[in-house]
Amino acid sequence: MSLAIETIDLVKTYKHRGGASNTVVDNLNLQVESGEIFGFLGPNGAGKTTTIKMLLGIIGQTSGVANVLGREAGDIEIHKRISYLPEKPYYYEYMSGLELVIFYASLFGIRDNDRCKELLRRVNLANDMNRPLSTYSKGMQQRVGLAQSLINNPELLFLDEPTGGLDPIAHIEIRDLILQFREEGKTVFISSHELSDVERICDRVAIINKGQLVAQGRLTDLLAGGRVEVTAEGVSDAVSDSLRHENRIVSFKDGRLILDAPDSDDLNGMIDALRNGGAQVVSVIPRRKRLEDLFIEAVAEDDTAKGRQRGRMTDGNSDGTKSAEVEEVKTGEGDPS
Amino acid sequence: MNAVLSIARTTLGEAIRRRVLLVILLIALLLLVIAPGMNGLTARQSQTVLLSLILGVLQLSSAVIAIVLTVYMIPNEVERRTIYTILSKPVLRWQFLLGKYLGAVSALGLMIMLMTGTMIAVFAAFQGPNVETLASLARVAMMYFVQMCLLAAVAIFFSTFVQPVVNFFLSGGVYLVGTVFGSLFATIAESQQLPQLVRLAAQLVMLIVPNFGQYNVQNSVINSGAQIVGEGIYYTNLAVYGIVYISILLLGAMLIFDRREV
Amino acid sequence: MKWTRQGKLVKAPIYGLMLVLLLVGSFVQMNQTYPFWRKNYMPKVTDLGQLTGEQLLFAFAGFREMIAGILWVRADSFFDNGDYDSILPIIRLVTYLDPKQIDVYATGMWHIAYNFTDQENRADRRNIPIAVAFGEEGARNNDYTYELFYETGWLWYHRIQDNFPMAVTWFEQAAERKDILPARHNLLSHAKLRAGDYKGALKTWYELLEAAEKEMERNKSQRSNYAQRDTVEGNLDNLLIRLTQRGYFARENGWYDQGNYDTKPPFDVRFSASVTVTESRVMLVEGTWNVFPVGTRVRMILRDADYPNAKAAGLDWEGGDANNFTAPAGLTYVQDELFVRNRRFRKAIDLSRDPTIYPFVKDKYILEFYYTPRVAPEHIKDKFGYNGEGMTDSNFLNTEIREGQRVIYWKTEVTRDQILRRGEYGMEGTIPVFKTPNYVAPRVRNPEDDLVSPGTRRVEG
Ligand SMILES: Nc1ncnc2c1ncn2[C@@H]1O[C@H](COP(=O)(O)OP(=O)(O)O)[C@@H](O)[C@H]1O
Ligand SMILES: [Mg+2]
């Protein structure tokens, strides 16, 4: 398969007044294959949007190479074959959905109102296309954004945080649309800091933190190696302490111990230790590795000094002092799959 | 070119919906309130004052609208991120800039037209319809329009590298200097008493800063009667001068904008 | 030439293009638009220092005319209150801001020339050159209309009464403007006559008559056309009769000496005068004038010996500074007209109440007496002629100070101490008196007893 996007040692450094500089994208090497849905993951401020802007040629790179569809990023010819949905876009609010799509179509020299209507129908805005955008909900605005991004039947779509700030139903709508794009053979490059959607639709992901690539690969490969969760009652402190180990998570909830360990660990040994300590094993749940774990691992590896980070990566800064609360979130969430 | 026109049209549409019509209405009301207050003057004076007032208000409000409209044009696009959507389409930056400029200029043209219409109506209501004066009012308004196009080009040029608030004062300043130097800088440049260096500096300013003052031809209309030979050619020359300067400014703006991080 | 590379503009050719455009723009500006604008539209701002910062700002931002209009409205209330001093700066400002304000120029000229008087209603004539300069400026700035040419001419004709050729020049310029009203042409002819050019006056009347008749033909329903024709015709008739009676045609034809014309023989006016400085800055002017009919005014001038642009019996009234409306400080110029009754004139002149108009700071002064029949009433001109042909004086006839005229003129020098009664003139009994050698004090009597005879057509010989 040919590469839709390739970056080689891509660097973006912002110079500030007074000589200080800030490297936002640091030697990034990405390979996105044609026809795949590629998840570009990282906490806020990781450099995702900056990378996309470089790939679009909206900003220039400090060094390195960025190729899109076999040409240098920013090539105007490429722009005819790609499209971009910015994060949290606002549109000209006085326009109706239809007018907006017609406007963007005209930038390609496309004068085909039927096609514009068709696109709006496709994103379920058939009934609302003549209302001004100012009356649209966030989800509708995002859908109209998708409609405009399809106007040139692009080979490659850049979606920057496409589900950001949307309610769960809107999430699902957008997700379904993206899956349809893959059916049509389009390459989709999605950036996100929200893992739950991406996990289900992406073929491959790259994880960046602080501008550096921390993991990249097929989701199935990256997720190889699951975990097991053991729940037990009546566990003494001595026993629970003995179970603590690298790569294991030991926590308590409602007086029960929850032990989260890699499935490569000795499960029997752990159960034996519990039993011998007089504890009652309530459940043993084997679990496939989740993207979230991968994400946390990747980011945490990069950031060990600051302690492990849990849950949604809504904050770029991990904060070790709040570990108790973080643990609670983790247990409360349960296993979605 | 398709893209340029589309962007221009969108910009115009947006400007129109920004309640500038309300401003025009307010100005008209203001004039209607002030105009009857001039009864104490002789006929010639009241015509002079009314015309002067009308044209003064027209000029000042056009200048303010021209600056405000253009100063925020590009920063707004960046802030709303609409510029990214547009630039990710097969649209070059200079096309975007040109489209924006043309949009602003057509919005200005429309507004000046409406304001002039309103003022002509006010004038006709108070002074009776005098076709000749009304026609020259329209002519002065035309020159204001070219002047405002030039001003918009100045503002859009600055907007490629300074913040809107700074730009507001900068463009306003250039407008002021450009308006004044017709009289002031010329006086300095030609004065025999001043040192050579000062005179040279004044000449340099005259050469670089667009001469807005030349577009102020209201004098001849407000006090009608003076026979000016060759006004048609003058207006043509003014238009040429305007287009030349606008081109310079837009080219500069395009160069800067082309390399700017947005 | 490549303008773009990979979607980016290439700098060099664009810089080049910009430079070329800048040159084109400068060329258009310097050679075409700017000179034209300067000539036709530029507000003439002679002295920017006269405006305050914000006025300047507004003025240049295009609000000139509006500000000017509003200021002028304000000036109205000052006129109502008689606050003349406040009006002058406004007039100056308004005309700086909007040099097309004809009314303001006209009002300003009139105001400066006529409204500034001392306590005894003598004009402060130091202002007149300012009014003239202002009129010149206004006419220059509004040269498309006759109005300010006419107004400036009027100043020379009526207020200055000393240089009628100037009035003629201005009226002629007014007459060249298409918008001049027909009746306004008449003054040109009157001015020519006073300038001594009776032939020119006649020619003008004939031309005006022709024009008036044409105009009457053209528009029969217009009443004023008839009136104008009648006026011109009447004036022409009168002038022909007068010229005949006063012997001008005869002189032209060489038989003046033979005929019995009104101006023959020259009549001796027997001028004498005495000025007594009764108190500091107060003087009694007395004298004789042997003309019985009323209507004679003898001009008296007391001025700085070195008054700028002074000439015999007056000033060169040009050369004022219209940018500064205040009369030149420290200069003294008194001019008064002495009215003759019963062949005498007698007037007390008190200058002590106007120390700013008559500062008397210089050491030396000139005192002058002057008479020309040019501005005299017709019944006196009947005898004296336009140029004083029928007038003489055994002592003070002067044919030099006014070219082509026979005038009466006497001049003497006066010092500051004499006028202020200081120094050696400060003591009791040292009353300064300046008099012509022929002056004889009248018998003491009550001037009320004088019999004033009504004017007669003939001057007693
Ligand atoms: N124009 C800029 N100048 C300086 N720093 C910037 C600029 N744009 C973005 N950054 C910085 O780059 C980092 C990455 O930003 P961004 O790419 O928007 O992150 P993400 O999209 O992953 O949330 C942030 O720390 C941001 O502050
Ligand atoms: Mg982002």
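Residues numbered from 1 in each chain as written. Chains lettered and ligands numbered in written order. Predicted model: local features only at pLDDT ≥ 70, side-chain atom pairs only at ≥ 80, totals over all residues. Heavy atoms only, no water.

Turning to the overall build of chain B, a few remarks are in order. Assigned secondary structure in chain B consists of 12 helices and 0 strands. Moving toward the C terminus, one meets the helices and strands of chain B in the order α-α-α-α-α-α-α-α-α-α-α-α. Counting the 262 residues in chain B, one finds 60% classified as buried. Within chain B, contacts between residues at least 6 apart in sequence are counted, and of these 81% link residues at least 24 apart. Carbon and sulfur atoms make up 72% of the accessible area of chain B, which amounts to about 10000 Å² in all. (Helix = DSSP H or I, 4+ residues; strand = E, 2+ residues; numbered from the N terminus. Buried < 20%, exposed > 50% of the residue type's maximum accessible area, 1.4 Å probe, protein only. Contact = heavy atoms within 4.5 Å. Areas by Shrake-Rupley, 256 points an atom, 1.4 Å probe, with all protein chains shown as cover.)

Of regular secondary structure, chain A possesses 12 helices and 14 strands. Put simply, chain A has 337 residues, and 50% of those count as buried. Considering only residue pairs separated by 6 or more positions, chain A has 68% of its internal contacts joining residues 24 or more positions apart.

All names here are of chain C. One open sheet holds the 5 strands; their spatial order is E9-E6-E11-E14-E13, and the pairing between them is antiparallel. The open sheet is flanked by strand E9 (333-339) and strand E13 (397-398), the only strands paired with a single partner. Sheet topology note: the E13/strand E14 (residues 407-415) ladder contains 2 bridges and is antiparallel. Looking across to E14, one finds that Leu397 is bridged to Ile408. (Pairing = 2+ DSSP bridges.)

We now examine the packing of helix H3 (residues 97-107) of chain A against helix H4 (residues 113-122) of chain A. Residue and element names in this part refer to chain A. Close contact between H3 and H4 brings their axes to 9 Å; oriented N to C, the two are set at 125°. Classified by the angle their axes make, H3 and H4 are oblique. For the element pair H3 and H4, the recorded crossing hand is right-handed. On the side of H3, the interface is formed by Gly97, Leu98, Val101, Ile102 and Ala105, while H4 contributes Asn113, Cys116, Lys117 and Leu120. Taken together, the residues that form the contact of H3 with H4 break down as 6 nonpolar, 2 polar and 1 charged. (Axes fitted to C-alpha atoms, helices over the stretch in contact; angles between N-to-C directions. Parallel < 35°, antiparallel > 145°, perpendicular 65-115°, else oblique. Left-handed = near helix turned anticlockwise from the far one by under 90°. Nonpolar A, V, L, I, M, F, W, Y, C, P; charged D, E, K, R; others polar.)

Those donors, Thr49 of chain A (OG1) and Glu87 of chain A (OE), are the protein atoms that reach the magnesium ion (ligand 2), and they lie 2.0 to 2.5 Å from it. You can see Thr49 of chain A sitting in helix H1 (residues 48-56) and its partner Glu87 of chain A sitting in the loop between strand E6 (82-85) and H3, a full 38 residues away along the chain. (Donors = N, O, S within 2.8 Å, 3.2 Å for Na, K, Ca; no water.)

A separate point is the nonpolar core. With 169 residues, the main nonpolar core has Phe158 and Phe189 of chain A as its most contacted residues. Top element by residues in this core is helix H7 (residues 131-159) of chain B. It accounts for 18 residues. In this view, Phe158 of chain A contacts Ile5, Ile52, Leu55, Leu56, Ile82, Ser83, Tyr84, Leu85 and Phe189 of chain A; residues no more than four positions away in its chain are not counted. Judged by nonpolar contacts, the second largest core, of 50 residues, contains Tyr114, Val132, Phe149 and Tyr157 of chain C. (Core = buried A, V, L, I, M, F, W, Y, C linked by side-chain atoms within 4.5 Å.)

Residue and element names in this part refer to chain C. In total, this model carries 38 aromatic pairs over all chains according to the counting rule given. With a centroid separation of 5.1 Å and 55° between ring planes, the pair formed by Tyr198 and Tyr248 is classed as tilted. One end of the pair, Tyr198, is in helix H9 (residues 198-218); the other, Tyr248, is in helix H11 (residues 248-253), and 50 residues separate them in sequence. Since its relative accessible area comes to 14%, Tyr198 is described here as buried. Aromatic pair Phe369 and Trp410: ring centres 5.8 Å apart, planes at 25°, arrangement stacked. (Phe/Tyr/Trp six-rings, centres within 6.5 Å; stacked < 30°, edge-to-face > 60°.)

Taking 1.5 Å per residue as the helical rise, H9 of chain C with its 21 residues ought to reach 30 Å, and the 30 Å between its terminal C-alpha atoms agrees with that figure. Against the buried residues of H9 of chain C lie helix H8 (186-194), helix H10 (223-245) and H11 of chain C. (Expected span 1.5 Å × (residues − 1).)

A few words on the pattern of salt bridges. Residues and elements named next belong to chain C. The full count for this structure, using the stated rule, is 44 salt bridges over all chains. Glu120 is paired through a salt bridge with Arg353; the nearest N and O atoms lie 3.2 Å apart. Here Arg353 lies in the loop between strand E10 (344-350) and strand E11 (364-371) and Glu120 lies in the loop between helix H4 (102-114) and helix H5 (128-141), a separation of 233 residues in the sequence. Each of Asp118, Glu120, Arg122, Asp336, Lys347, Asp350 and Arg353 takes part in a single network of salt bridges with overlapping partners. (Salt bridge = Lys/Arg side-chain N within 4 Å of Asp/Glu carboxyl O.)

What follows is about the site of ligand 1. Residues and elements named next belong to chain A. Neighbouring residues of ligand 1: Tyr14, His16, Val24, Pro43, Asn44, Gly45, Ala46, Gly47, Lys48, Thr49 and Thr50. Taking Ala46, its main chain carries an N or O atom lying 3.2 Å from an oxygen atom of ligand 1. Within the side chain of Thr49, one N or O atom sits 2.5 Å away from an oxygen atom of ligand 1. Burial of ligand 1 by the protein amounts to 63% of the accessible area it has alone, namely 560 Å². (Near = heavy atom within 4 Å. Polar contact = N/O pair within 3.5 Å; in protein donor to acceptor, adjacent residues only side chain to side chain.)

Residue and element names in this part refer to chain A. Within strand E3 (residues 37-41), 5 of the 5 residues are buried, which leaves it mostly tucked inside the rest of the structure. Here E3 shows a buried face lined by Ile37, Gly39 and Leu41 and a second buried face lined by Phe38 and Phe40. The pairing of E3 with strand E8 (residues 187-192) spans 5 bridges and is parallel. Of the residues in E8, the one forming a bridge with Leu41 is Ser192. With 4 bridges connecting them, E3 and strand E9 (residues 204-209) associate as parallel partners.

As a further point, take the confidence of the model for chain B. Residue and element names in this part refer to chain B. In this model, chain B carries a mean pLDDT of 82, and residues with pLDDT of at least 70 account for 81%. Mean pLDDT per element in chain B: helix H9 (residues 184-190) is the minimum at 66, and helix H12 (residues 231-259) is the maximum at 91. Two summary scores accompany this predicted model of the complex, namely pTM at 0.62 and ipTM at 0.84. (pLDDT = per-residue confidence, 0-100.)

Further remarks concern the side chain of Asp124 of chain C. All names here are of chain C. Looking at the element boundaries, Asp124 is found in the loop between H4 and H5. Here Arg126 takes part through its side chain, which lies 2.9 Å from a polar atom of the side chain of Asp124. The contact partners of Asp124, leaving out residues within four places of it in the chain, are Phe116, Thr117, Ala327 and Ile357.

All names here are of chain A. Strand order in the open sheet made by the 6 strands is E6-E7-E8-E3-E9-E10, with mixed pairing throughout. Bordering the open sheet on either side are E6 and strand E10 (212-218), each of which pairs with just one other strand. Across the sheet, the axes of successive neighbouring strands diverge by a mean angle of 15°, strand direction being ignored.

Take helix H10 (residues 196-208) of chain B next. All names here are of chain B. Helix length check: H10 (13 residues) gives 18 Å between terminal C-alpha atoms against 18 Å at 1.5 Å per residue, within 8%. Taken together, the buried positions of H10 are occupied by Arg199, Ala202 and Met206. The buried residues of H10 all sit within an arc of 60° when viewed along its axis, so they share a single face. Exposed and oriented more than 90 degrees from the buried face of H10 are Gln196, Leu197 and Leu204. (Arc of directions from axis to C-beta.)

A separate point is the packing of helix H6 (residues 147-160) of chain C against helix H7 (residues 164-176) of chain C. Residue and element names in this part refer to chain C. Look at H6 against H7: their axes get within 8 Å of each other, and the N-to-C directions meet at 165°. It follows that H6 is roughly antiparallel to H7 by the angle criterion. Seen along the crossing, H6 lies across H7 with a hand that is left-handed. Contacts between H6 and H7 involve Phe149, Tyr150, Thr152, Gly153, Trp154, Trp156 and Tyr157 from the former and Phe164, Met166, Ala167, Trp170, Phe171, Gln173 and Ala174 from the latter. Looking at the contact of H6 with H7, its residues break down into 11 nonpolar, 3 polar and no charged.

The next subject is the pairing of E8 of chain A. All names here are of chain A. The buried count for E8 comes to 6 of 6 residues, which makes it a mostly enclosed element. Burial of the side chains of E8 extends over both faces: Thr187, Phe189 and Ser191 are buried on one face and Val188, Ile190 and Ser192 on the other. With helix H6 (residues 168-183) bridging strand E7 (residues 156-160) and the parallel E8, this β-α-β connection has right-handed handedness. (Right-handed = clockwise from strand over helix to strand, strands pointing away.)

Turning our attention to empty space enclosed by the protein. Residue and element names in this part refer to chain B. Scanning all chains against the criterion turns up 5 cavities of 30 Å³ or more. The computed volume of the second largest cavity comes to approximately 60 Å³. For the lining of the second largest cavity, the secondary structure elements donating two or more residues are helix H1 (2-16) and helix H4 (73-79). Considered class by class, the residues forming the lining of the second largest cavity number 3 nonpolar, 2 polar and 5 charged. (1 Å grid on protein atoms, 1.4 Å probe; cavity = no way out; pocket = protein on both sides within 12 Å on 5 of 7 lines; lining within 4 Å. Points joined across faces, edges and corners; volume = space filled by probe spheres on them.)

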